[in-house]
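Okay, here's what each chain looks like letter by letter:
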Amino acid sequence: MAQNDNPLNMSRAYSPADTESRIYKFWEESGYFKPDTSSDSPPFVMIMPPPNVTGELHMGHALTVAIEDMIVRWHRMKGEPTLFLPGTDHAGIATQVVVERLLATEGLNRYQLGREKFEARIWEWVETYGTRIYEQLRRLGTSCDWSRSKFTLDEIPRAAVRKTFVDLYNKGLIYRGERIANWCLRCSTALSDLEVKYMEVNGNLYQIRYPFSDGSGFIVVATTRPETMLGDTAVAVNPEDERFKKYIGKEIKLPLTNRLIPIIADGAVEAEFGTGALKVTPAHDPVDFEIGLRNNLPVITVIGDDGTMNSAAGEFQGLDRFKCRTLIEDQLKAQGLLVKTDSFQHSIGHCDRCDEIIEPLISKQWYISMESLAAPAIKAVKENQIRIIPERFTSVYFNWMENIRDWPVSRQLWWGHQIPVWYCEDCLSETVTNEDPQTCQSCGSSQIQQDQDVLDTWFSSGLWTHSTLGWPNDTEDLKSFYPGSVMETGYDILFFWVARMIMLGISNMGQIPFHTIYLHGLVLDPEGVKMSKTKGNVLNPLDLIDEYGADAVRFALTTGTSAGNNLRMNEQKLESSRNFANKLWNASRFVISNLNKKETSIKFSKPENILNRHDKWIISRLDQVTQDVNRLMEDFQFGEAQTHIHDFLWNEYCDWYIELTKDRLKVQDVESPLSILAYILERTLRLLHPFLPFVTEEIWANLCKSLDTPEDWPNSLITAEYPVISATTIDEPSIIEMGKLIDFIRAIRNMKSELNIQQRQKIECRIASEMESSLVESEKSTLEKFAGLSISEISDSHLLQLHSGEISIVENLGTAYISLGEGVDLGGELERLRNEQNELSKYISSLTKRLSNQSFINKAPEEVVEKEKGRLKRSTDRETRINEILETLN
Ligand SMILES: [Zn+2]
Ligand SMILES: [Zn+2]
């Protein structure tokens, strides 16, 4: 091990900055991050969600790593050959945009450079900055196997993409279709439905008269986008709508164009919306497109993919779509065809990446037909081959998968996996092969051109479970590590990524890619708001690591974590995590310095034949906690497991056990608690390692150097065995007895603080304990020391006669009769407490009233409601305490 040069001298305070990089280097250079491929045990495999190659560590990554690395370290300590495989994603649009911005500063754009040079520029960028995120992940302590890291554009993942495309094409599951797609004008590409976000926008609803061609009147249509009327090819009404039945089959003379279009019936028209008559523009609206397909309507595109009106728009050609809207409004008004304009709030699609309003446009795109791929992926979850945690996402998954739409996979970008389809100029057929073709497969012509588009980024990350392991080659890694174990990621990419991995994994490998999906939530700011650059509430994890240490950042992120739930990050969580690491450090220094005072070193082993009650208690509690932690970890309740270890270490080990041993450590002729102090600490460090990897490793090395450890002792905590309890040796009586003693001491201490008596002031006490008098007898000095008592009588009767000037406190251990002495004005203190009780009860009823007011709950911001709830909880806790103390004093 030999990590710290001066082990006998642990610094006064723990310094993450002096420790973390040294320990990380030691782990990595020792090869601990690599799975033991010679082991016969079943492996544990986790593939890391690949961050964007342009990415910089944000709180979302930090949360992902805190959870994943904790799971991974736990499995590694359980002795499973553990693979945690890292990688990065080329992230099509995101990366292309970064480099385009760089070019813009040089006054260049990608078209001026041409595709080849542009791609070269991106590669240059990737080679310079692409591993920055890896360095940042290292700072968090991520124990992944860097020797296996992959980039989605590496040779093997490229081959995987190619083979998948060709296979799906040959199965008839990939087709090129002229479809209406979500088009982002700014990004100049089609987007999948998932890449479109809907936002409320204030617009207008225009009602326009469409005259019948026979001059017999008109029908009024309603639209939010009058400029699209130039591309109308019908007016549709609901066939059941009595108002319009008589018009079906008539013709309209379309205003501003004088084209004749029919009135048709279609069930998709909602009679309640607008006027009930729908203008149909198949080229510019997805619903209209479907109506057009059903009714064989012509498709007239009037808006080009640059957002300006095209030649089909006649006199409006060349105008921006929104400018055209105003002009059309004016002309309709002038012709008396505009009935009215109502302001109208509606939700419209925006580009998820750049916020531009999406223009639905007809284009030729490649699609994957999803239904047959989805079927086995639905079955795998239905039949519990794959478990989704939390469970509630299972129905969300089914709902999406059972209504799955075909996946448009072509993107009009240059950065990514170019679509492996070659078009023949002579016979117009397509050649799709695993190797780049030289000639057309159908006619042998050499006049072939590759499709200019690239594949959606999620196509390559959808193959991540097996392409990272070498597929399509038949590799050892693939045999050893597919299928993987747990797929851990944010719930927000369940469909983007997780569902597609299941479908493509089954399709390529014939086997599910992992058996468990664990979904985590989002990191929110202290007010519960999603962190975003525009809101300025973003925390930078690297700054936090500088300030608090990686351990504290990780610990704060996993504090109270539970699957699928968002978590709020705040300073208080970070501070208490750092305090916890310091508490652990100080307790360890205490134990280690006592070990080092000994002339002969203590043999490390599980203590046996323990006689002392305190020792029996702490060992039993350790066993209980170990059992609980293992059960909770197995059940994916990581936040709960962390709380159990935290509370045990802080409350029981540090606050009670260490304090209880201090006198015994000073005396020579009693059995020393030192070996037990060391044993409990060593086991707790193991339990805690997945949650606080650096500080536990550092302490562990120091502790082990101060102990006489067995021959086969592990070299480092990261590879040490995780504690489990096989045969239980829990001593229940000692737990019950210590529980009574601690409750008793706490009650006395509380009473003292309520009555403003100094804790260190010894007060006279008699104890009546019918059932536990021998316990009280044997722990007399403990009670006197920790409760600040001087015990004058211990009786085995049920009650004693209350002397004047005494108050009694009833606890499970027995009844304490306490003489408060001259200095305490009991009557005055009681009155003060009763007053506080009154005030509190008024305050509580006003809070309760407020919180039961439904309109307050509905209207007030969530954080205000939360604050009020917090106040109520604190007040009722305080009230309970006062009630208790008043009851015991009466
Ligand atoms: Zn965009
Ligand atoms: Zn050909």
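Computed from a predicted model, the values in this text were never measured in an experiment.

Undergrad: Would you take a moment to explain empty space enclosed by the protein for this structure?
TA: If a probe the size of a water molecule is rolled over the atoms, the empty space left behind becomes visible. Per the stated rule, a full pass over the model turns up three cavities of 30 Å³ or more. Its volume calculated, the largest cavity comes out at about 50 Å³. Taken together, V45, I47, T465, Y482, G484, S485, V486, M487, P513 and F514 make up the full set of residues lining the largest cavity. Secondary-structure elements contributing two or more residues to the lining of the largest cavity are β1 (44-47) and β22 (484-490). In terms of residue count, the dominant contributor to the lining of the largest cavity is β22 (four residues).

Undergrad: Which parts of the structure should I look at to understand the coordination of the zinc ion (ligand 2)?
TA: For a metal bound by four donors in a tetrahedral arrangement, the ideal donor-metal-donor angle is 109.5 degrees, while six donors in an octahedral arrangement ideally sit at 90 or 180 degrees. Coordination of the zinc ion (ligand 2) by the protein involves C424 (SG), C427 (SG), C440 (SG) and C443 (SG), with metal-donor separations of 2.3 Å. Because the angles between the four donor atoms bound to the zinc ion (ligand 2) fall within 105 to 112 degrees, the donor set is best described as tetrahedral. Donor residues for the zinc ion (ligand 2), ordered by position in the chain, follow C-x2-C-x12-C-x2-C. Separated by 16 residues along the polypeptide, C424 in strand β18 (residues 422-424) and C440 in the loop between β19 (430-431) and β20 (448-450) bring together distant segments of the chain. For C440, a relative accessible area of 3% puts it in the buried group.

Undergrad: Sorry, what's going on with the confidence of the model for the protein here?
TA: The predicted coordinates should not be examined in detail at positions where pLDDT is low. Here the protein averages 90 in pLDDT, while 99% of its residues score no lower than 70. Below pLDDT 50 for its whole length, residues 1-7 participates in 19 contacts with residues either more than four positions away or in separate chains.

Undergrad: Would you explain the sheet that holds β22 in this entry?
TA: Strands in a sheet are paired, the pairing made by backbone hydrogen bonds, and the direction either parallel or antiparallel. The three strands lie next to each other as β15-β23-β22, forming an open sheet whose pairing is parallel. The open sheet is flanked by β15 (387-389) and β22, the only strands paired with a single partner. Taking the axes of each pair of neighbouring strands and ignoring which way they run, one obtains an average angle of 15 degrees across the sheet. Here β15 runs beside strand β23 (residues 514-520); their pairing, made up of three bridges, is parallel. Paired with I388 across the two strands is I517, which belongs to β23. Sheet strands in contact with helix α15 (residues 494-509) are β22 and β23, and its direction is about 175 degrees off that of β23.

Undergrad: Would you mind going over helix α2 (residues 59-77) with me for this structure?
TA: Side chains three or four residues apart in an α-helix point the same way, a direct result of the helix having 3.6 residues per turn. End to end, α2 covers 27 Å across 19 residues, agreeing with the expected 27 Å (1.5 Å per residue, within 8%). Burial of α2 is extensive: 18 of the 19 residues sit out of reach of the surface. Immediately downstream of α2, the backbone of G79 shows phi near 90 degrees, a positive value.

Undergrad: Would you take a moment to explain the pairing of β1 for this structure?
TA: Looking along a regular strand, one sees the side chains alternate between the two faces of the sheet. Burial along β1 is two-sided: the residues F44 and M46 and V45 and I47 are all buried. Examined bridge by bridge, β1 and strand β2 (residues 82-85) share four bridges and lie parallel to one another. Across the sheet, residue V45 finds its bridge partner in β2, namely L83. For the crossover from β1 across α2 to β2, the handedness is right-handed.

Undergrad: Hey, could you run me through the pattern of salt bridges in this one?
TA: Opposite charge on two side chains permits pairing when their charged atoms draw close. Counting across every chain of the model gives 57 salt bridges. Across the pair D355 and K197 runs a salt bridge whose closest N-O atoms are separated by 2.5 Å. Taken together, the residues span a long stretch of sequence, with D355 in the loop between β13 (338-351) and β14 (359-368) and K197 in strand β7 (residues 196-211) at a distance of 158 residues. With relative accessibility at 43%, the residue D355 sits in the partly exposed group. K197 gets classed as partly exposed once you look at its relative accessible area, which sits at 26%. Put simply, D628 and R631 hold a salt bridge, and the shortest N to O gap is 3.4 Å. Linking D628 with R631, this pair stays in helix α19 (residues 613-634), spanning three residues, or about one helical turn. The partly exposed category is assigned to R631, whose relative accessible area is 47%. The structure contains a network of salt bridges with shared partners spanning R186, R225, E227, R321, R325, E356 and E359.

Undergrad: Where do I start with the coordination of the zinc ion (ligand 1) in this structure?
TA: Protein coordination at the zinc ion (ligand 1): the donors are C184 (SG), C187 (SG), C351 (SG) and C354 (SG), at 2.2 to 2.4 Å from the metal. Geometry at the zinc ion (ligand 1) is tetrahedral, judged from its four donor atoms and the angles of 102 to 116 degrees they form at the metal. One chain supplies every donor for the zinc ion (ligand 1), spaced along it as C-x2-C-x163-C-x2-C. With C187 in the loop between β5 (174-184) and β6 (189-191) and C354 in the loop between β13 and β14, this pair connects stretches of sequence that are 167 residues apart. Across the pair, C354 and C187 agree in class, each one buried.

Undergrad: So what exactly am I meant to see when it comes to the sheet that holds strand β10 (residues 251-254) here?
TA: Here we have four strands laid out as an open sheet, ordered β10-β11-β9-β12, and mixed in their pairing. Two strands bound the open sheet, and with one partner strand each, they are β10 and β12 (277-280). The sheet shows a mean angle of 30 degrees between the axes of neighbouring strands, direction not considered. The pairing of β10 with strand β11 (residues 259-265) spans four bridges and is antiparallel.

Undergrad: Is there a simple way to think about the nonpolar core in this case?
TA: In a soluble, globular protein the nonpolar side chains are often hidden away together inside. In this structure, Y653, M751 and I818 are the most contacted members of the largest nonpolar core, which totals 139 residues. Once residues lying within four places of it in the same chain are set aside, the contact partners of I818 are I748, M751, I763, E764, C765, G805, E806, I807 and I809. Of all hydrophobic cores here, the second largest spans 60 residues; its members include I388, I502, I512 and F514.

Undergrad: Just to check I follow, could you spell out the side chain of E682 for this structure?
TA: When you line up the elements, E682 lands in helix α21 (residues 674-688). Residues contacting E682, with those up to four places away along its chain left out, are F604, W700, L703 and W713.

What counts, and at which threshold
Residues numbered from 1 in each chain as written. Chains lettered and ligands numbered in written order. Predicted model: local features only at pLDDT ≥ 70, side-chain atom pairs only at ≥ 80, totals over all residues. Heavy atoms only, no water. 1 Å grid on protein atoms, 1.4 Å probe; cavity = no way out; pocket = protein on both sides within 12 Å on 5 of 7 lines; lining within 4 Å. Points joined across faces, edges and corners; volume = space filled by probe spheres on them. Helix = DSSP H or I, 4+ residues; strand = E, 2+ residues; numbered from the N terminus. Donors = N, O, S within 2.8 Å, 3.2 Å for Na, K, Ca; no water. Tetrahedral: all angles 85-135°; square planar, octahedral: opposite > 155°, others 65-115°. Buried < 20%, exposed > 50% of the residue type's maximum accessible area, 1.4 Å probe, protein only. pLDDT = per-residue confidence, 0-100. Contact = heavy atoms within 4.5 Å. Pairing = 2+ DSSP bridges. Axes fitted to C-alpha atoms, helices over the stretch in contact; angles between N-to-C directions. Expected span 1.5 Å × (residues − 1). Right-handed = clockwise from strand over helix to strand, strands pointing away. Salt bridge = Lys/Arg side-chain N within 4 Å of Asp/Glu carboxyl O. Core = buried A, V, L, I, M, F, W, Y, C linked by side-chain atoms within 4.5 Å.

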